[in-house]
Amino acid sequence: MSKIQAFLNSRMPTFTKSEKKVAEYILNSKKEDITRITITELATKCGTSEATIARFVKKAGFETFQDFKLTLALDNNEDIFEEEKDITIFKNDSPQEILRKVKLGSLKSIESTTSILDINKFLQAANFIRSAKRIEIYGVGSSSAVAKILQYKLTRLGFPSYAQEDPHMQAISAATLNFGDLAIGISQSGSTKDTVDSLNVAKKHGATTISLTEHANSPITKYSDVVLEIFSGENPVKTSAGRSILVQIFAVEILSGLLYSIEYEKALTTGKDTARAVVNKLY
(Lines give C-alpha, C1' and ligand atoms only; values in the text may rest on other atoms or scores of the structure.)
Protein backbone atom coordinates (compact mmCIF):
# COMPACT_ATOMS: atom_id res chain seq x y z
CA MET A 1 0.00 0.00 0.00
CA SER A 2 1.37 3.44 -0.91
CA LYS A 3 2.03 6.16 1.63
CA ILE A 4 -0.51 8.44 -0.03
CA GLN A 5 -3.23 5.81 -0.07
CA ALA A 6 -2.65 4.86 3.56
CA PHE A 7 -2.54 8.51 4.58
CA LEU A 8 -5.80 9.38 2.82
CA ASN A 9 -7.55 6.39 4.37
CA SER A 10 -6.26 7.19 7.85
CA ARG A 11 -7.23 10.89 7.59
CA MET A 12 -10.67 10.28 6.05
CA PRO A 13 -12.57 11.00 9.31
CA THR A 14 -10.85 14.41 9.58
CA PHE A 15 -11.67 15.62 6.07
CA THR A 16 -14.60 17.94 5.43
CA LYS A 17 -17.46 16.70 3.27
CA SER A 18 -15.95 18.33 0.17
CA GLU A 19 -12.46 17.06 0.96
CA LYS A 20 -13.82 13.53 1.34
CA LYS A 21 -15.17 13.75 -2.19
CA VAL A 22 -11.67 14.55 -3.41
CA ALA A 23 -10.04 11.76 -1.40
CA GLU A 24 -12.60 9.18 -2.53
CA TYR A 25 -12.27 10.22 -6.17
CA ILE A 26 -8.48 9.86 -6.00
CA LEU A 27 -8.63 6.51 -4.21
CA ASN A 28 -11.07 5.17 -6.81
CA SER A 29 -9.08 6.37 -9.82
CA LYS A 30 -6.07 5.04 -11.68
CA LYS A 31 -2.80 6.65 -10.74
CA GLU A 32 -1.99 7.76 -14.28
CA ASP A 33 -5.35 9.52 -14.56
CA ILE A 34 -4.69 11.58 -11.43
CA THR A 35 -1.13 12.50 -12.43
CA ARG A 36 -2.37 13.86 -15.79
CA ILE A 37 -5.33 15.83 -14.47
CA THR A 38 -5.29 19.56 -13.72
CA ILE A 39 -6.53 21.09 -10.48
CA THR A 40 -9.47 22.64 -12.37
CA GLU A 41 -10.42 19.31 -13.94
CA LEU A 42 -10.21 17.52 -10.59
CA ALA A 43 -12.40 20.14 -8.95
CA THR A 44 -15.00 19.74 -11.71
CA LYS A 45 -14.99 15.93 -11.49
CA CYS A 46 -15.38 16.06 -7.70
CA GLY A 47 -18.04 18.76 -7.76
CA THR A 48 -15.91 21.02 -5.59
CA SER A 49 -13.77 24.13 -6.05
CA GLU A 50 -10.10 24.67 -6.74
CA ALA A 51 -9.82 26.17 -3.26
CA THR A 52 -11.09 22.89 -1.79
CA ILE A 53 -8.47 20.94 -3.74
CA ALA A 54 -5.77 23.32 -2.48
CA ARG A 55 -6.92 22.88 1.14
CA PHE A 56 -7.09 19.11 0.68
CA VAL A 57 -3.55 19.00 -0.69
CA LYS A 58 -2.26 21.10 2.23
CA LYS A 59 -3.98 18.81 4.72
CA ALA A 60 -2.37 15.84 2.96
CA GLY A 61 1.04 17.38 3.66
CA PHE A 62 1.92 18.90 0.28
CA GLU A 63 2.59 22.50 -0.67
CA THR A 64 0.89 22.36 -4.07
CA PHE A 65 -1.22 20.06 -6.21
CA GLN A 66 1.82 19.60 -8.46
CA ASP A 67 3.85 18.33 -5.50
CA PHE A 68 1.07 15.87 -4.72
CA LYS A 69 1.01 14.58 -8.31
CA LEU A 70 4.80 14.28 -8.47
CA THR A 71 4.90 12.17 -5.30
CA LEU A 72 2.12 10.03 -6.70
CA ALA A 73 3.92 9.59 -10.02
CA LEU A 74 7.11 8.45 -8.28
CA ASP A 75 5.32 5.77 -6.29
CA ASN A 76 6.56 2.36 -7.40
CA ASN A 77 3.36 0.54 -6.58
CA GLU A 78 1.41 0.54 -9.83
CA ASP A 79 -1.66 -1.10 -8.35
CA ILE A 80 -2.27 1.17 -5.36
CA PHE A 81 -5.59 2.48 -6.63
CA GLU A 82 -7.03 -0.84 -7.77
CA GLU A 83 -9.80 -2.11 -5.55
CA GLU A 84 -8.38 -4.25 -2.77
CA LYS A 85 -9.47 -7.83 -2.40
CA ASP A 86 -12.14 -8.27 0.20
CA ILE A 87 -10.66 -9.43 3.49
CA THR A 88 -13.94 -9.60 5.40
CA ILE A 89 -14.70 -13.05 6.81
CA PHE A 90 -18.07 -14.51 5.85
CA LYS A 91 -20.19 -17.35 7.22
CA ASN A 92 -19.35 -19.94 4.55
CA ASP A 93 -15.63 -19.19 4.19
CA SER A 94 -13.44 -22.28 4.30
CA PRO A 95 -10.68 -22.54 6.92
CA GLN A 96 -8.12 -22.01 4.14
CA GLU A 97 -9.91 -18.85 2.98
CA ILE A 98 -10.08 -17.53 6.54
CA LEU A 99 -6.35 -18.14 6.93
CA ARG A 100 -5.70 -16.25 3.69
CA LYS A 101 -7.88 -13.31 4.68
CA VAL A 102 -6.43 -13.00 8.19
CA LYS A 103 -2.90 -13.12 6.81
CA LEU A 104 -3.70 -10.57 4.07
CA GLY A 105 -5.47 -8.21 6.47
CA SER A 106 -2.66 -8.40 9.01
CA LEU A 107 0.04 -7.71 6.44
CA LYS A 108 -1.91 -4.81 4.95
CA SER A 109 -2.37 -3.23 8.38
CA ILE A 110 1.33 -3.44 9.20
CA GLU A 111 2.24 -2.07 5.76
CA SER A 112 -0.23 0.79 6.21
CA THR A 113 1.19 1.72 9.60
CA THR A 114 4.74 1.52 8.25
CA SER A 115 3.86 3.88 5.40
CA ILE A 116 2.39 6.63 7.59
CA LEU A 117 4.30 6.48 10.88
CA ASP A 118 6.86 9.14 11.73
CA ILE A 119 9.94 7.34 13.07
CA ASN A 120 11.26 10.59 14.52
CA LYS A 121 8.22 10.77 16.80
CA PHE A 122 8.92 7.21 17.95
CA LEU A 123 12.50 8.25 18.66
CA GLN A 124 11.25 11.25 20.62
CA ALA A 125 8.95 8.97 22.61
CA ALA A 126 11.85 6.62 23.31
CA ASN A 127 13.89 9.50 24.70
CA PHE A 128 10.99 10.57 26.91
CA ILE A 129 10.86 7.02 28.29
CA ARG A 130 14.61 7.02 28.93
CA SER A 131 14.45 10.21 30.98
CA ALA A 132 11.20 9.52 32.88
CA LYS A 133 11.30 9.11 36.65
CA ARG A 134 8.01 7.23 36.65
CA ILE A 135 6.02 5.68 33.78
CA GLU A 136 2.26 5.05 33.87
CA ILE A 137 0.35 3.52 30.94
CA TYR A 138 -3.39 3.96 30.43
CA GLY A 139 -5.72 1.88 28.27
CA VAL A 140 -9.17 0.30 28.55
CA GLY A 141 -10.87 -2.49 26.62
CA SER A 142 -8.62 -4.02 23.98
CA SER A 143 -6.08 -1.23 24.51
CA SER A 144 -5.58 -2.37 28.11
CA ALA A 145 -4.10 -5.62 26.77
CA VAL A 146 -1.63 -3.61 24.69
CA ALA A 147 -0.85 -1.46 27.74
CA LYS A 148 0.10 -4.62 29.64
CA ILE A 149 2.37 -5.72 26.79
CA LEU A 150 4.04 -2.30 26.76
CA GLN A 151 4.52 -2.52 30.53
CA TYR A 152 6.17 -5.92 30.13
CA LYS A 153 8.44 -4.79 27.30
CA LEU A 154 9.56 -1.60 29.04
CA THR A 155 10.21 -3.34 32.34
CA ARG A 156 12.29 -6.05 30.65
CA LEU A 157 14.30 -3.29 28.95
CA GLY A 158 15.09 -1.64 32.27
CA PHE A 159 12.35 0.99 32.39
CA PRO A 160 9.94 -0.07 35.16
CA SER A 161 6.37 0.96 34.36
CA TYR A 162 2.83 0.13 35.34
CA ALA A 163 -0.25 -0.33 33.17
CA GLN A 164 -3.49 0.97 34.68
CA GLU A 165 -6.69 -0.46 33.18
CA ASP A 166 -9.19 0.50 35.87
CA PRO A 167 -10.58 3.99 35.03
CA HIS A 168 -10.58 5.07 38.68
CA MET A 169 -6.98 3.97 39.18
CA GLN A 170 -6.04 5.74 35.96
CA ALA A 171 -7.46 8.99 37.33
CA ILE A 172 -5.76 8.52 40.71
CA SER A 173 -2.46 7.66 39.03
CA ALA A 174 -2.63 10.69 36.73
CA ALA A 175 -3.35 13.02 39.65
CA THR A 176 -0.18 11.87 41.45
CA LEU A 177 2.19 12.43 38.52
CA ASN A 178 4.61 15.34 38.48
CA PHE A 179 7.20 17.04 36.29
CA GLY A 180 9.66 14.40 35.09
CA ASP A 181 7.06 11.63 35.05
CA LEU A 182 5.55 10.12 31.91
CA ALA A 183 1.99 9.08 31.05
CA ILE A 184 1.26 6.97 27.96
CA GLY A 185 -2.33 6.73 26.69
CA ILE A 186 -3.35 3.97 24.26
CA SER A 187 -6.61 4.40 22.35
CA GLN A 188 -7.37 3.17 18.85
CA SER A 189 -10.13 5.74 18.42
CA GLY A 190 -8.36 8.47 20.35
CA SER A 191 -11.76 9.25 21.86
CA THR A 192 -11.95 6.83 24.79
CA LYS A 193 -13.13 9.17 27.55
CA ASP A 194 -11.37 7.54 30.49
CA THR A 195 -8.00 7.40 28.72
CA VAL A 196 -8.30 10.91 27.30
CA ASP A 197 -9.32 12.37 30.66
CA SER A 198 -6.46 10.61 32.47
CA LEU A 199 -3.89 11.91 29.99
CA ASN A 200 -5.34 15.40 30.42
CA VAL A 201 -5.00 15.18 34.21
CA ALA A 202 -1.44 13.88 33.91
CA LYS A 203 -0.49 16.77 31.63
CA LYS A 204 -2.06 19.32 33.97
CA HIS A 205 0.12 17.95 36.78
CA GLY A 206 3.27 18.49 34.74
CA ALA A 207 3.88 15.01 33.35
CA THR A 208 5.08 14.42 29.81
CA THR A 209 2.43 12.65 27.73
CA ILE A 210 2.47 10.22 24.80
CA SER A 211 -0.50 8.81 22.91
CA LEU A 212 -0.76 5.81 20.61
CA THR A 213 -3.76 6.13 18.29
CA GLU A 214 -5.12 5.67 14.78
CA HIS A 215 -6.60 9.16 14.64
CA ALA A 216 -4.15 12.06 14.57
CA ASN A 217 -6.84 14.70 15.14
CA SER A 218 -8.75 12.90 17.90
CA PRO A 219 -9.30 14.30 21.42
CA ILE A 220 -6.38 12.40 22.99
CA THR A 221 -3.87 14.20 20.77
CA LYS A 222 -4.79 17.55 22.36
CA TYR A 223 -3.12 16.39 25.57
CA SER A 224 -0.15 14.59 23.99
CA ASP A 225 3.40 15.89 23.73
CA VAL A 226 4.03 13.14 21.18
CA VAL A 227 1.45 11.32 19.04
CA LEU A 228 2.43 7.88 17.73
CA GLU A 229 0.12 7.36 14.78
CA ILE A 230 -0.83 3.92 13.46
CA PHE A 231 -3.37 2.73 10.91
CA SER A 232 -5.11 -0.63 10.55
CA GLY A 233 -8.05 0.36 8.34
CA GLU A 234 -10.18 -2.04 10.34
CA ASN A 235 -13.88 -2.03 11.16
CA PRO A 236 -13.81 -3.14 14.83
CA VAL A 237 -17.52 -4.03 14.79
CA LYS A 238 -16.91 -6.72 12.16
CA THR A 239 -13.50 -7.96 13.25
CA SER A 240 -13.34 -7.40 17.03
CA ALA A 241 -10.42 -4.97 16.86
CA GLY A 242 -7.96 -7.68 15.87
CA ARG A 243 -5.87 -5.77 13.37
CA SER A 244 -5.93 -2.57 15.40
CA ILE A 245 -4.40 -4.51 18.31
CA LEU A 246 -1.85 -5.98 15.91
CA VAL A 247 -0.62 -2.58 14.73
CA GLN A 248 -0.57 -1.27 18.30
CA ILE A 249 1.72 -4.15 19.23
CA PHE A 250 3.75 -3.46 16.09
CA ALA A 251 4.21 0.11 17.35
CA VAL A 252 5.26 -1.23 20.76
CA GLU A 253 7.85 -3.42 19.03
CA ILE A 254 9.25 -0.43 17.12
CA LEU A 255 9.49 1.59 20.34
CA SER A 256 11.12 -1.34 22.12
CA GLY A 257 13.59 -1.83 19.29
CA LEU A 258 14.66 1.81 19.46
CA LEU A 259 15.12 1.63 23.22
CA TYR A 260 17.09 -1.62 22.94
CA SER A 261 19.44 -0.02 20.43
CA ILE A 262 19.88 3.29 22.26
CA GLU A 263 20.27 1.72 25.72
CA TYR A 264 21.91 -1.47 24.51
CA GLU A 265 24.05 -2.29 27.58
CA LYS A 266 21.27 -1.46 30.02
CA ALA A 267 18.70 -3.47 28.06
CA LEU A 268 21.06 -6.44 27.74
CA THR A 269 21.89 -6.47 31.45
CA THR A 270 18.29 -6.01 32.57
CA GLY A 271 17.13 -8.66 30.12
CA LYS A 272 19.54 -11.19 31.61
CA ASP A 273 18.66 -10.23 35.19
CA THR A 274 14.91 -10.47 34.63
CA ALA A 275 15.29 -13.76 32.76
CA ARG A 276 17.21 -15.24 35.70
CA ALA A 277 14.52 -13.95 38.07
CA VAL A 278 11.82 -16.07 36.42
CA VAL A 279 13.84 -19.10 35.32
CA ASN A 280 12.70 -21.10 38.35
CA LYS A 281 9.09 -20.56 37.24
CA LEU A 282 9.65 -23.07 34.44
CA TYR A 283 9.40 -26.88 34.70
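Definitions and limits used
Residues numbered from 1 in each chain as written. Predicted model: local features only at pLDDT ≥ 70, side-chain atom pairs only at ≥ 80, totals over all residues. Heavy atoms only, no water. Buried < 20%, exposed > 50% of the residue type's maximum accessible area, 1.4 Å probe, protein only. Helix = DSSP H or I, 4+ residues; strand = E, 2+ residues; numbered from the N terminus. Pairing = 2+ DSSP bridges. Right-handed = clockwise from strand over helix to strand, strands pointing away. Phe/Tyr/Trp six-rings, centres within 6.5 Å; stacked < 30°, edge-to-face > 60°. Lys NZ or Arg CZ within 6 Å of the ring centre and 35° of its normal. Domains from an automatic or database assignment. Contact = heavy atoms within 4.5 Å. Buried area = accessible area lost by both parts, 1.4 Å probe. Salt bridge = Lys/Arg side-chain N within 4 Å of Asp/Glu carboxyl O. Polar contact = N/O pair within 3.5 Å; in protein donor to acceptor, adjacent residues only side chain to side chain. Nonpolar A, V, L, I, M, F, W, Y, C, P; charged D, E, K, R; others polar. Patch = residues over 30% accessible without salt bridge, like charges linked within 9 Å, V, L, I, M, F, W, Y side chains within 5 Å. Areas by Shrake-Rupley, 256 points an atom, 1.4 Å probe, with all protein chains shown as cover. Expected span 1.5 Å × (residues − 1). Axes fitted to C-alpha atoms, helices over the stretch in contact; angles between N-to-C directions.

- As annotated in an unreviewed UniProt entry, the chain carries the name RpiR family transcriptional regulator and is attributed to Petrotoga olearia DSM 13574.

**Details of the pairing of strand β3 (residues 182–186)**
Logical step 1: Of all 5 residues in β3, 5 are buried; the element is thus mostly enclosed.
Logical step 2: Neither face of β3 is left uncovered, since the one carrying L182, I184 and I186 and the one carrying A183 and G185 both have all their residues buried.
Logical step 3: Looking at chain direction, strand β1 (residues 135–138) and β3 are connected through 4 bridges and run parallel. Its bridge partner lying in β3, I135 is registered against L182.
Logical step 4: With respect to chirality, the unit in which β3 leads through helix α11 (residues 193–204) into the neighbouring parallel strand β4 (residues 208–213) is right-handed.

**Let's talk about the packing of aromatic side chains**
Logical step 1: Within the structure shown, the criterion is met by 5 aromatic pairs.
Logical step 2: A centroid spacing of 5.4 Å and a plane angle of 55° characterise the contact between F15 and F56, whose relative ring orientation is tilted. A residue pair is termed long-range when its members are at least 10 positions apart, and F15 in the loop between α1 (3–11) and α2 (17–27) and F56 in helix α5 (residues 50–59) qualify at 41 residues.
Logical step 3: On the accessibility criterion, F56 (0% relative accessible area) is buried.
Logical step 4: Consider the rings of F56 and F68, whose centres lie 6.2 Å apart with planes at 65°: the pair is edge-to-face. Placement of the pair is F56 in helix α5 and F68 in helix α6 (residues 65–74), with a sequence separation of 12 residues.
Logical step 5: Among the aromatic residues, those joined into a ring-pair cluster are F15, F56, F62, F65 and F68.
Logical step 6: Above the face of the Y162 ring, K148 is positioned so that its terminal group lies 5.4 Å from the ring centre.

**Considerations on the domain arrangement of the chain**
Logical step 1: Taken domain by domain, the chain comprises domain 1 (3–74) and domain 2 (109–281).
Logical step 2: Measuring from the centre of the C-alpha atoms in domain 1 to the corresponding centre in domain 2 gives 32 Å.
Logical step 3: On the side of domain 2, 9 residues touch domain 1, which itself brings 8 residues to the contact.
Logical step 4: In total, about 660 Å² of surface goes out of reach between domain 1 and domain 2, with carbon and sulfur atoms giving 61% of it.
Logical step 5: Our enumeration of links across domain 1 and domain 2 arrives at 0 salt bridges.
Logical step 6: Scanning the region where domain 1 abuts domain 2 turns up 0 residue pairs in polar contact (both at pLDDT 80 or more).
Logical step 7: The class makeup of the residues in the side of domain 1 that touches domain 2 is 3 nonpolar, 3 polar and 2 charged.

**Details of a nonpolar patch on the surface**
Logical step 1: Judged by side-chain polarity, I89, I98 and V102 come together as a nonpolar surface patch covering roughly 220 Å² of accessible area.
Logical step 2: Mapped onto the elements, V102 comes out in helix α7 (residues 95–116).

**So, α11**
Logical step 1: Over its 12 residues, α11 runs 16 Å from end to end, which matches the ideal 16 Å to within 8%, given 1.5 Å per residue.
Logical step 2: Every buried residue of α11 is accounted for by T195, V196, S198, L199, N200 and A202.
Logical step 3: Buried-residue contacts for α11 involve β1, α10 (167–175), β3 and β4.

**So, the sheet that holds β4**
Logical step 1: Strand order in the open sheet made by the 5 strands is β2-β1-β3-β4-β5, with parallel pairing throughout. Two strands bound the open sheet, and with one partner strand each, they are β2 (162–164) and β5 (226–229). Here the average twist between neighbouring strands, direction ignored, is 20°.
Logical step 2: Pairing of β4 with β5 involves 4 bridges; the strand directions are parallel. Bridging across to β5, I210 finds its partner in V226.
Logical step 3: Contacts from helix α9 (residues 142–157) reach β1, β2 and β3 within the one sheet, and its direction differs from that of β3 by about 140°.

**Re the environment of A171**
Logical step 1: In this fold, A171 is placed in helix α10.
Logical step 2: When its relative accessible area of 38% is taken as the criterion, A171 is described as partly exposed.
Logical step 3: C-alpha of A171 to C-alpha of T269: the two residues are 98 residues apart in sequence and 34 Å apart in space.

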